[in-house]
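Listed below, chain by chain, are the residues.
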Amino acid sequence: MTSTQQTGRLYGVGLGPGDPSLVTVRAAELIGKADVVAYHSARHGRSIARSIAERYLTAGQIEEKLVYPLTVETTDHPGGYRGALDEFYEEAADRLADHLDAGRSVVVLAEGDPLFYGSYQHMHKRLAHRYPTEVVPGVTSVSAAAARLGQPLTEAEETLTVIPGTLSEEELTARIASADSAVIMKLGRTFPTVRRALERAGRLADAQYVERAFMAGERTGPLADIDADTVPYFSVAVLPSKVAPLEQPAPPAEGPGSVTVIGTGPAGPLWLTPEARGALATATDLVGYTTYLDRVPERPGQQRHGSDNKVESERAEFALDLARRGHHVAVVSSGDPGVFAMATAVLEVACEDAYRDVPVRIVPGMTAAHAAASRAGAPLGHDYAVVSLSDRLKPWEVVAKRLRAAAEADLVLALYNPGSQSRTTQVGLARDLLLEYRAPGTPVVMARDVGGPTERIRTVRLADLDPAQVDMRTILLIGSSQTRAVERGNGTQVVWTPRRYPEE
């Protein structure tokens, strides 16, 4: 190439899902005008991309067949499977670069969209910074599958998650459980794993199967009915929108229901586990203290039953009654439901004769103590005790006895429910009791509204703990004799308890 010769232009052209009539006008024009048409194929030499574009090819064009050295087979390449593919992509890019350097225009064909799980993207990353490049989008397999099913993927505030089926079963289960709507790509040999993950996530009944959308041999249907031995690579699993069509309202609950008690963590969505997200998404009814229910996004078709904070037993009975009538109920609890929260209230009622046959499951959440500790450093780095200062359900004498025992054992203390409008003396009483065993300078972490908009984390000396600064949204972490509060070089303070305890 001479110094005055212009290079050719690179085009990544999306062909859509398979039907040549779904190729865009721009893509058809470029294919017909290109000097070089390149396409990937397996070692058998047949290219689906070329078959889609065939009607748009013209005489005299150079065809570059980019044949993969392997697909899923083993290889003796020193770099393994990834090394063999990287070497192939480098060689393929060099071949295309020769044409571009000679001034020829190069169209690289790509099924679906070029930059959506497409082979073209490997050429793009190696060539687009060196040559003028244009990418022509195409209809993705995701859009094609939804069109063939005739079901919306997302509506209103729903989100769509695209998941490769090549992930591990545990990871697939977590992603599926936390998704509103989802499309799972790359089935074929991964189908049994994907099916198990859908079942574990409680979403198998919702899953639809689409094979070769807009291609010969197209097949659709409920995924649960598909024989794993018949599933090709060109197939997807779809979890469509949960918003019921107007002409097909959501069917009433059938069969036995269930109750799932779900920990939502100390604050908003960032603290939810994937399991908790999935359980919330699949529930027909949400039951809980209104303040905690407000943290859960509204979903079409779900019924929400809010109540006051002091009616735990009534709330549990209401949830179990719904479940007996076939509803799948999520009882929402802040933090972890098993730590001074709704799990015990539900199980107390569930163990009565009337409710013994109702399935009950507990989904854990991030506790307030652990969330607060993470903000302060690592004050719970050694043995610790968790005590509720509330005397609403137990006498103060019991609380004081437990505080004294923990103090004598030199345990770090996480104090829940320290005060409220109706309980104003407990923090002062606890402080004075602990000062009988702890030095006045013992670090105390005061953590309020952890993860919320008014979060405030302070560390004070035990002797300076002011009950007036503590309310029901505050948790107190009181150090042991070994707990340290240290100023670090960046001006921040960290509180931590050593993992080793000194020998007597």
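I will try to describe carefully the structure that is included in this document. Since the model is a prediction, treat every value here as computed from it, not as a measurement. The numbers attached to residues start from 1 for each chain and follow its sequence in the written order. Two thresholds apply to this predicted model, a pLDDT of at least 70 for residue-level local features and 80 or more for giving and counting side-chain atom pairs, whereas whole-chain, interface and lining totals are computed over all residues. To get the side-chain values, all heavy atoms of the structure are used, and hydrogens and water are removed first.

1. Quick look at the pairing of strand S11 (residues 258-263)
- For every residue, the accessible area obtained with a 1.4 Å probe (protein chains only) is divided by the maximum for its type, and the residue is called buried under 20%, exposed over 50%, and partly exposed between those limits. Secondary structure elements follow DSSP: runs of H or I no shorter than four residues count as helices, runs of E no shorter than two count as strands, and numbering proceeds from the N terminus. Judged by how many residues are buried, S11 sits mostly within the fold: six of six residues are covered.
- With burial as the criterion, each face of S11 is covered, one bearing Ser 258, Thr 260 and Ile 262 and the other bearing Val 259, Val 261 and Gly 263.
- A pair of strands is treated as paired once DSSP finds two or more bridges between them. Where S11 and strand S14 (residues 328-333) come together, six bridges link them in parallel fashion. What sits directly across from Ser 258, in S14, is His 328.
- With four bridges connecting them, S11 and strand S15 (residues 360-363) associate as parallel partners. Looking across to S15, one finds that Ile 262 is bridged to Val 363.

2. A word on the pattern of salt bridges
- Salt bridges are identified by distance alone: a Lys or Arg side-chain nitrogen within 4 Å of an Asp or Glu carboxyl oxygen. Counted by the stated rule, this structure contains 27 salt bridges.
- Note that Arg 95 is salt-bridged to Glu 64, the shortest N-O span being 2.4 Å. Taken together, the residues Arg 95 in helix H3 (residues 80-101) and Glu 64 in strand S3 (residues 62-67) connect sequence positions 31 residues apart.
- On the accessibility criterion, Arg 95 (33% relative accessible area) is partly exposed.

3. Quick notes on empty space enclosed by the protein
- Here a cavity is any set of points on a 1 Å grid over the protein atoms alone where a 1.4 Å probe fits but cannot get out, and a pocket is any open set with protein on both sides within 12 Å along at least 5 of 7 lines; a residue lines the site when it has an atom within 4 Å of a point. Grid points are joined across faces, edges and corners, and a volume is the space filled by probe spheres set on the points. The full count for this structure, using the stated rule, is one cavity of 30 Å³ or more.
- Taken as a whole, the largest cavity holds about 40 Å³ of empty space.
- Lining the largest cavity we find Thr 264, Ala 267, Gly 268, Pro 269, Leu 272, Leu 280, Arg 295, Val 296 and Pro 297.
- Any residue that is not Ala, Val, Leu, Ile, Met, Phe, Trp, Tyr, Cys, Pro, Asp, Glu, Lys or Arg is counted as polar, Gly included; the first ten are nonpolar and the last four charged. Residues belonging to the lining of the largest cavity are distributed by class as follows: six nonpolar, two polar and one charged.

4. As for the environment of Leu 85
- Within the element layout of this structure, Leu 85 appears in helix H3.
- Note: C-alpha distance between Leu 85 and Leu 127 (42 residues apart in sequence) is 17 Å.
- Contacts are assigned to residue pairs with any non-hydrogen atoms lying within 4.5 Å of each other. Setting aside its immediate chain neighbours within four residues, Leu 85 contacts Tyr 68 and Leu 70.

5. Structural notes on helix H13 (residues 396-408)
- Over its 13 residues, H13 extends 18 Å from the first C-alpha to the last, a length consistent with the 18 Å expected when each residue adds 1.5 Å.
- Along H13, the residues that are buried comprise Trp 396, Val 399, Ala 400, Leu 403, Ala 406 and Ala 407. Down the axis of H13, the buried side of the element spans an arc of 130°, and every buried residue falls inside it. Across from the buried face of H13, at angles greater than 90 degrees, the exposed residues are Glu 397, Lys 401 and Glu 408.
- Looking at the buried residues of H13, the elements they touch are strand S17 (384-388), strand S18 (412-416) and helix H14 (426-434).
- Of the residues trailing H13, Asp 410 is marked for its positive phi of about 60°. In this analysis, the expected span of each helix is defined as 1.5 Å times one less than the number of residues it contains. The arc in question is formed by the directions pointing from the helix axis toward the C-beta atoms.

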